[in-house]
Each structure stands twice: as structure tokens, then as C-alpha cells.
Amino acid sequence: MTEKNANIALIGFMGTGKTSVGEALADRLGILYIRTDDLIVEQAGKPIPEIFRQDGEKRFRELEAEVVRKVSSRRRAVIDCGGGVVLNHENIEWLRQNSIIILLTSSPEVILERISRNGDQRPLFNNVDKPATIRRLLSMREHLYRDAADYVVDTSGLSVMEVVEKILEYVGSNSLTK
């Protein structure tokens, strides 16, 4: 889908650059940037680590599905999806209706470096061996990410703007601009 009103949905594991790239891409195109995790926090009235701790991952995934269903009906937006969005095939079906789905990937080493550098709290990494957890989760999700994606960009050795340029080359920068 490269129609003028399409969304660009960014999927991929945590630490692959979805937020940085999403913000820069939306800014470059002059379109709305939507971060599904922010909408989940707003809807739940509490941070994601608290949702996981108090309500469990199942409730988080339910909230995520509600948010994805709502935002997928939008037009001309960059949608930054949480890393686990692919765990529910309905999320991908909703996104596919109006979006070009771009998968951002990175090596496990780069992911570990990025999430460690950011210092943010990742609920799936509480008191665990982070490198082993990254490899295990990537292994479990890789086929889901690849099956969902229209296009893949490995962000490991690229700047944010280099990733943005690759995405624009794929979607055709004129197809989404005003």
C-alpha cells in the first residue's frame, strides 16, 4: 500500500529505534506521530511497568489491542507500535488495513546497548539475564515480525536519519506528503 493517505506503522523489538525514527519520520513528512505505548499509559492511568506488575501482561496486551484497533483507522500518521504488538495477529490485521508496515531490526548486542543506555524500565527485563532474554524473545518473535512486515530496515549501524531515508525510499516520499 503506497496510497497518499496510508499510515506508516513501525514494528520491531524494543531498542530497534521505533520511537526515535517514528518521531523523525513524522516530522519529516509533516504528519501525526502516534506512540501506542503512550496511549496505553493514558488509557490505563498508570505507567507500563505498573500495568504489568498490578494487572499482568495479559491486561497490558488487551489494552494494546484496543489502542491498535483505534489508531489503525487513522490516516496519514506514523504509528510507533510496542515491541509485542505482533503477538496478537489481529493487531497486524488492523494495522494492515491502512498502513505500510515497516519492521526495524537490530542485532541483540545493539539492542542491549540501547536499552541499557536509555535506563528506562522494561517490564520483561526485571531481574533477568538481559542478553539471554533478548535472544530468547527475538527468537520467539522474529517470524511474527517478518511475516507482518512490508519492508525491513536493520538499524544497527545507521543513524536515525539514515533509517528515515531508507523508509522514504521504500514508501516513496511523495506518496505520503501533502
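Conventions and cut-offs
Residues numbered from 1 in each chain as written. Predicted model: local features only at pLDDT ≥ 70, side-chain atom pairs only at ≥ 80, totals over all residues. Heavy atoms only, no water. Helix = DSSP H or I, 4+ residues; strand = E, 2+ residues; numbered from the N terminus. Buried < 20%, exposed > 50% of the residue type's maximum accessible area, 1.4 Å probe, protein only. Contact = heavy atoms within 4.5 Å. Pairing = 2+ DSSP bridges. Axes fitted to C-alpha atoms, helices over the stretch in contact; angles between N-to-C directions.

### Some thoughts on unusual backbone geometry
Note: most peptide bonds trans; most residues except glycine with negative phi.
Here is step 1 of the chain: Look at Arg76: it is not a glycine, yet its phi comes out positive at around 55 degrees.
Here is step 2 of the chain: In this fold, Arg76 is placed in the loop between helix H3 (48-71) and strand S3 (77-80).
Here is step 3 of the chain: Residue classification places Arg76 among the buried positions, given a relative accessible area of 19%.

### Structural notes on the environment of Ala148
Here is step 1 of the chain: Mapped onto the elements, Ala148 comes out in helix H6 (residues 130-148).
Here is step 2 of the chain: In this structure Ala148 comes out as buried when scored by relative accessible area, which is 2%.
Here is step 3 of the chain: Linking Ala148 and His89, residues 59 residues apart in sequence, is a C-alpha distance of 8.8 Å.
Here is step 4 of the chain: With residues near it in sequence (within four places) discarded, Ala148 still touches Ile11, Val86, Ile92, Arg96 and Ile101.

### Structural notes on the sheet that holds strand S1 (residues 7-11)
Here is step 1 of the chain: The five strands lie next to each other as S2-S3-S1-S4-S5, forming an open sheet whose pairing is parallel. The two strands at the open ends of the sheet, each matched to only one other strand, are strand S2 (32-35) and strand S5 (151-154). Each neighbouring strand pair of the sheet contributes to a mean axis angle of 20 degrees, computed without reference to strand direction.
Here is step 2 of the chain: Of the pairings in the sheet, the one linking S2 to S3 comprises four bridges and is parallel in character. Across the sheet, the residue bridging to Ile34 is Ile79, located in S3.
Here is step 3 of the chain: Relative to S2, helix H2 (residues 36-44) is tilted by about 60 degrees, and along the sheet it contacts S2 and S3.
Here is step 4 of the chain: The strands that helix H7 (residues 160-171) touches are S1, strand S4 (99-105) and S5; relative to S4, the one it contacts most, it runs at about 145 degrees.

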